[in-house]
Amino acid sequence: MPASPEIAALVGDIDFDPEALHARYLAERDKRLRADAAEQYIEVKAEFSHYVDDPYVEPGFTREPVFDHVEFAIIGGGFGGLLMGARLREAGFKDLRVVESGGDFGGTWYWNRYPGAMCDVESYCYLPLLEELGYMPRHKYAFAPEILEHSRNIARHYRLYDKALMQTGVTEMRWDEAARHWIISTDRGDRFTADFVAMANGPLSRPKLPGIPGINKFKAHTFHTSRWDYAYTGGDSYGNLENLKDKRVGIIGTGATAIQCIPHLGAAAKQLYVFQRTPSSIDVRNNGETDAAWYASLEPGWQARRQANFNILVAGGEQEEDLVHDGWTDIYRKLTGAAVKEASRKLGRRLTGAERAEMLELADYVKMNQVRARVDQIVKNPATAAALKPWYRQFCKRPCFHDEYLATYNRPNVTLVDTDGHGVERLTDTAVVAGGRAYEVDCLIFATGFEVGTSYTRRAGYDIVGRGGVTLSEHWADGLRTLHGLTTHGFPNCFFLGFTQTAITISVPQALDEQARHVVHMVRATAERGCTVLEPTVEGEGAYVDEIHRLARLGSRFYAECTPGYYNGEGASGSRGGFFSDMYGEGPLKFFQKLEAWRADGALDGLALT
Ligand code: NDP
């Protein structure tokens with residue numbers, strides 16, 4: 001349907017044909033849809049298990065197994081585990097143990113040390129506990145080594161290294177009904193017990209590989225971006241990959257990870273081939289050093305206020321001031337509820353549902369036209385520029401922000417191998433075949449992302465055995481079942497941090513912090529009532545699961561029309577298995593309000609205490 005002039009006027013000059021753009025988006029999506037959807041990827045196990053070996057520790061670590069008891073075990077030492085530990089310490093909990101498969105705290109920032117790794121969410125919001133630690137981030141957008149160091153500082157500050165078990169993978173967790181505690185077994189021979197357990201495994205922690213024919217016989221050097229092989233490339237997270245100067249390097253993938261490391265690969269390699277299936281949307285980054293005088297002038301409580309301001313704006317809400325004022329807040333202001341409210345004010349009436357959808361779609365086209373125009377401004381070769389343009393709506397894939405990525409394609413040693421949506425065809429012994437042509441490489445890097453939509457226990461790498469010997473994989477066989485995403489029936493005193501039926505925030509640690517505080521509240525409230533065990537009732541869990549399904553956003557036209565990716569279950573019927581499909585559909589603001597109201601009410605509705 002052509003745009004209605006009244007609605008189009010709200011968006012600005014529409015100097016393009018929206019219907020033609022819509023048709024182009026659908027055609028680009030159709031090219032990429034494949035029947036195997038998420039099944040196209042290979043699980044990193046058996047002959048591929050070396051892809052997840054830890055390159056950051058000395059081999060040969062040994063220690064004596066532990067057989068003791070702790071009050072609270074935290075599985076995972078990333079921001080989820082760190083915030084859980086911090087909030088428990090603040091609440092007076094003394095006996096904590098973090099178990100972490102990596103060699104140190106840091107989680108995603110422990111593993112993802114690829115050159116150029118940084119957080120594209122503003123550091124003053126993203127880095128948790130800045131005021132508690134009295135720390136000033138060096139840049140508006142922090143680089144990975146600083147984030148890793150901040151993680152370690154949090155662990156030191158809250159004494160989370162005490163009793164921590166590093167380089168240790170949980171192999172089983174089992175509820176002992178008679179003793180009313182968890183028995184935790186690990187791959188280091190530990191068998192300790194805990195009154196409470198918090199699972200902080202992370203949502204994107206298990207790397208995946210593309211199921212490309214020949215991958216199991218490939219003989220050139222390979223690794224996944226989340227286990228960067230600096231012994232091979234030289235250099236460090238800041239770049240300077242000097243060992244690549246005589247190497248032909250290939251990289252598969254052009255997602256948020258790849259766009260950060262490609263500039264460094266382009267600067268260092270003799271020849272770089274970037275194998276692209278779908279281009280990312282790359283907007284302005286605009287990083288800069290922190291102004292120390294400004295930072296010193298911030299009033300106590302500033303971080304919570306800034307986080308709230310950012311979170312409200314990127315949840316489509318309104319704020320008088322945009323404190324962060326960056327690419328994230330820009331797209332949310334233009335493309336979500338805030339834009340609709342602004343339009344209603346201009347029109348002097350509420351928009352109908354159809355008008356709202358039409359306006360947001362037009363605004364999206366305008367925004368993505370800007371993104372595409374930026375490619376032409378930066379990339380000199382017209383054919384390369386054309387191939388780098390994303391043809392989908394802004395939130396179909398994770399928006400990216402970078403100031404050097406696109407210019408990398410102006411280097412003579414960098415070749416974009418665009419596969420027109422089809423992906424790499426196969427690997428020979430030492431070459432990558434795409435578009436019928438073989439590209440010989442010395443090294444091939446997989447920037448192919450992480451498992452999403454596979455079962456929770458597969459991603460965790462072990463099962464949890466609850467009351468009566470029922471496993472979590474059995475309890476969740478037909479989908480997640482939780483109360484507020486944090487507890488599940490039959491698994492007493494076990495808490496799930498992350499994105500199991502909770503709500504995501506762009507600045508992920510903020511959501512984790514809300515969850516950690518809520519867990520502390522539940523544990524305290526249980527103790528205050530003279531009880532030691534809590535879990536959701538069948539009814540409480542059922543009512544929440546119904547609410548999640550009722551509010552489910554996915555399956556909507558929006559994701560169905562998107563190009564495949566982990567946001568929409570790789571395009572599988574547009575919805576199931578997508579990253580957001582089991583999250584709280586009304587978004588983080590409403591979710592946090594719901595938790596807050598539940599805490600204030602004091603009835604502990606939906607929980608059973610014994
Ligand atoms: P993604 O899943 O986003 O990207 C994987 C890439 O591999 C895609 O470009 C995909 O193409 C490509 N690919 C997969 N299979 C093939 C194939 N057979 N042939 C060619 N290409 C293929 O993973 P990332 O690691 O890039 O990012 C994961 C997430 O991590 C991000 O979405 C973000 O949430 C987070 N992140 C955050 C950062 C931050 O700054 N805060 C930085 C980096 C990551 P296609 O798109 O066609 O599927």
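Placed above this text is the structure.
To start, this report covers the structure provided alongside it.

Reading the values: the criteria
Along each chain, residues carry numbers from 1 onward, in the same order as the chain's sequence is written. Given that the model is predicted, a residue must reach a pLDDT of at least 70 before its local features are reported, and side-chain atom pairs must reach 80 or more before they are shown or counted; all residues, however, enter totals for whole chains, interfaces and linings. Side-chain numbers here rest on the full set of heavy atoms in the structure, without hydrogens or water. Only DSSP runs of H or I reaching four residues or more are called helices, and only runs of E reaching two or more are called strands; each is numbered from the N terminus. Note on method: radius of gyration uses C-alpha positions; expected globular size equals 2.2 Å times residues raised to 0.38. Throughout, exposure labels follow a simple rule: accessible area from a 1.4 Å probe, protein chains only, divided by the maximum for the residue type, with under 20% read as buried, over 50% as exposed, and the rest as partly exposed. Any two residues having at least one pair of non-hydrogen atoms within 4.5 Å are treated as being in contact. Note on areas: these come from Shrake-Rupley sampling with a 1.4 Å probe, and a residue is covered only by the protein chains present in the view. His is not counted, nor are the chain ends, whereas Lys and Arg count as positive and Asp and Glu as negative. For this purpose, a charge sits on NZ of Lys, CZ of Arg, CG of Asp or CD of Glu. Any Lys or Arg side-chain nitrogen located within 4 Å of an Asp or Glu carboxyl oxygen qualifies as a salt bridge. The rule for pairing is simple: two strands pair if DSSP sees at least two bridges between them. Here the axes come from fitting lines to C-alpha atoms, over the contacting stretch only for helices, and the angles between their N-to-C directions go from 0 to 180 degrees. We define the bend at each residue as the angle formed by axes fitted to the 7 residues ending at it and the 7 residues starting at it. Throughout, near means a residue has at least one heavy atom within 4 Å of the molecule or strand. We call two N or O atoms a polar contact when they sit within 3.5 Å, provided that within protein one can donate a hydrogen and the other can accept it, with sequence-adjacent residues counted only if both atoms are side-chain atoms. Classes in brief: Ala, Val, Leu, Ile, Met, Phe, Trp, Tyr, Cys and Pro nonpolar; Asp, Glu, Lys and Arg charged; the others, Gly included, polar. For the purposes of this section, nonpolar cores are sets of buried Ala, Val, Leu, Ile, Met, Phe, Trp, Tyr and Cys residues that join through side-chain atoms within 4.5 Å. The criterion for a disulfide is a pair of cysteine sulfur atoms lying within 2.5 Å.

**Quick look at the overall build of the protein chain**
Okay, so step 1: Scanning the protein chain from N- to C-terminus turns up 21 helices and 21 strands.
Okay, so step 2: For 610 residues, the compact-globule estimate of 2.2 N^0.38 gives 25 Å, and the C-alpha radius of gyration of the protein chain, at 24 Å, lies within 12% of that figure.
Okay, so step 3: For the protein chain, with 610 residues in total, the buried portion stands at 57%.
Okay, so step 4: Across the protein chain, the fraction of contacts at a sequence separation of at least 24, relative to all contacts at a separation of at least 6, is 71%.
Okay, so step 5: Here the protein chain has roughly 24,700 Å² of accessible surface; of this, 51% comes from carbon and sulfur atoms.
Okay, so step 6: Averaged over its 68 positive side-chain charges, the protein chain has a centre that lies 2 Å from the centre of its 81 negative ones.

**Structural notes on the pattern of salt bridges**
Okay, so step 1: If you walk through the whole model with that rule in mind, you get 45 salt bridges.
Okay, so step 2: Taking the shortest distance from any N to any O, the salt bridge between Glu28 and Arg24 comes out at 3.1 Å. Taken together, the residues span about one helical turn, with Glu28 and Arg24 both in helix H2 (residues 18-32) at a distance of four residues.
Okay, so step 3: Owing to a relative accessible area of 36%, Arg24 belongs among the partly exposed residues under this scheme.
Okay, so step 4: Asp364 is the partner of Arg393 in a salt bridge, and the nearest nitrogen-oxygen pair spans 3.1 Å. Residue Arg393 is found in the loop between helix H15 (382-387) and strand S12 (400-401), and its partner Asp364 is found in helix H14 (residues 353-378); the two are separated by 29 residues along the sequence.

**Quick look at the sheet that holds strand S8 (residues 221-224)**
Okay, so step 1: The parallel open sheet is built from five strands, whose spatial order is S8-S17-S9-S10-S13. Of all the strands in the sheet, the pair left with one neighbour each is S8 and strand S13 (414-418). Each adjacent strand pair in this sheet contributes to an overall mean axis angle of 20°, direction not counted.
Okay, so step 2: Two elements, strand S9 (residues 248-252) and strand S17 (residues 443-446), share four bridges in a ladder whose sense is parallel. Residue pairing across strands places Gly250 opposite Leu444, the latter belonging to S17.
Okay, so step 3: In the packing of helix H9 (residues 256-268) onto the sheet, the strands contacted are S9, strand S10 (271-276), S13 and S17, and the crossing angle to S9 comes to about 170°.

**Describing the environment of Arg524**
Okay, so step 1: Along the chain, Arg524 falls in helix H18 (residues 508-528).
Okay, so step 2: In this structure, the C-alpha to C-alpha distance between Arg524 and Ala91, residues 433 residues apart in sequence, is 8.7 Å.

**Digging into H9**
Note that an α-helix has 3.6 residues per turn; residues three or four places apart therefore point the same way.
Okay, so step 1: Approximately 35° is the largest bend angle found in H9, and it occurs at Ile262, with the proline Pro263 only one to four residues beyond.
Okay, so step 2: With 10 of 13 residues buried, H9 lies mostly within the body of the structure.
Okay, so step 3: Of the residues making up H9, those classed as buried are Thr257, Ala258, Ile259, Gln260, Cys261, Ile262, Pro263, Leu265, Gly266 and Ala268.
Okay, so step 4: Where the residues of H9 are buried, they touch S9, S10, strand S11 (282-283), S12, S13 and S17.

**Details of the site of the ligand**
Okay, so step 1: Among the 25 residues in the neighbourhood of the ligand, the closest are listed as Thr257, Arg277, Thr278, Lys397 and Tyr566.
Okay, so step 2: Contact distances for the ligand include 2.9 Å between an oxygen atom and a backbone N or O atom of Asp120.
Okay, so step 3: Contact between the ligand and Tyr566: an oxygen atom at 2.6 Å from a side-chain N or O atom of the residue.
Okay, so step 4: Here the ligand has 920 Å² of accessible area as a free molecule, and 89% of this is covered by the chains.
Okay, so step 5: Tallying contributions element by element places H9 first for the shell around the ligand, with three residues.
Okay, so step 6: In terms of residue class, the shell around the ligand is built from 12 nonpolar, nine polar and four charged.

**Things to note about the side chain of His150**
Okay, so step 1: The topology assignment puts His150 in helix H7 (residues 144-157).
Okay, so step 2: Take His150: its relative accessible area is 1%, and that puts it in the buried class.
Okay, so step 3: Discounting chain neighbours no more than four positions away, the residues touching His150 are Leu127, Pro128, Leu129, Leu130, Leu133 and Tyr135.

**Observations concerning the nonpolar core**
Okay, so step 1: Of all hydrophobic cores here, the largest spans 107 residues; its most connected members are Phe72, Trp228, Ile251 and Leu265.
Okay, so step 2: Counting residues per element, this core draws most heavily on H18, which supplies eight residues.
Okay, so step 3: With near-sequence residues (within four places) excluded, Ile251 lies in contact with Ala258, Cys261, Ile262, Leu265, Leu272, Tyr273, Val274, Phe275, Leu444, Ile445 and Ala447.
Okay, so step 4: With 27 residues, the next largest nonpolar core counts Leu362, Tyr392, Phe579 and Phe580 among its residues.

**Concerning the state of the cysteines**
Put plainly, two cysteines are in a disulfide when a covalent bond ties their sulfur atoms together.
Okay, so step 1: Enumeration according to the criterion identifies one disulfide in this entry.
Okay, so step 2: Between the sulfur atoms of Cys396 and its disulfide mate Cys562 the distance is 2.0 Å. On the S-S bond that ties Cys396 to Cys562, the torsion sits near -75°, and the link is left-handed. Residue Cys396 is located in the loop between H15 and S12, and its partner Cys562 is located in the loop between helix H20 (557-560) and helix H21 (587-601); the two are separated by 166 residues in the primary sequence. Cys562 carries the same exposure label as Cys396, and that label is buried.
Okay, so step 3: Cys125 carries a free sulfur, and the closest cysteine sulfur to it, the one in Cys119, is 10 Å from it.

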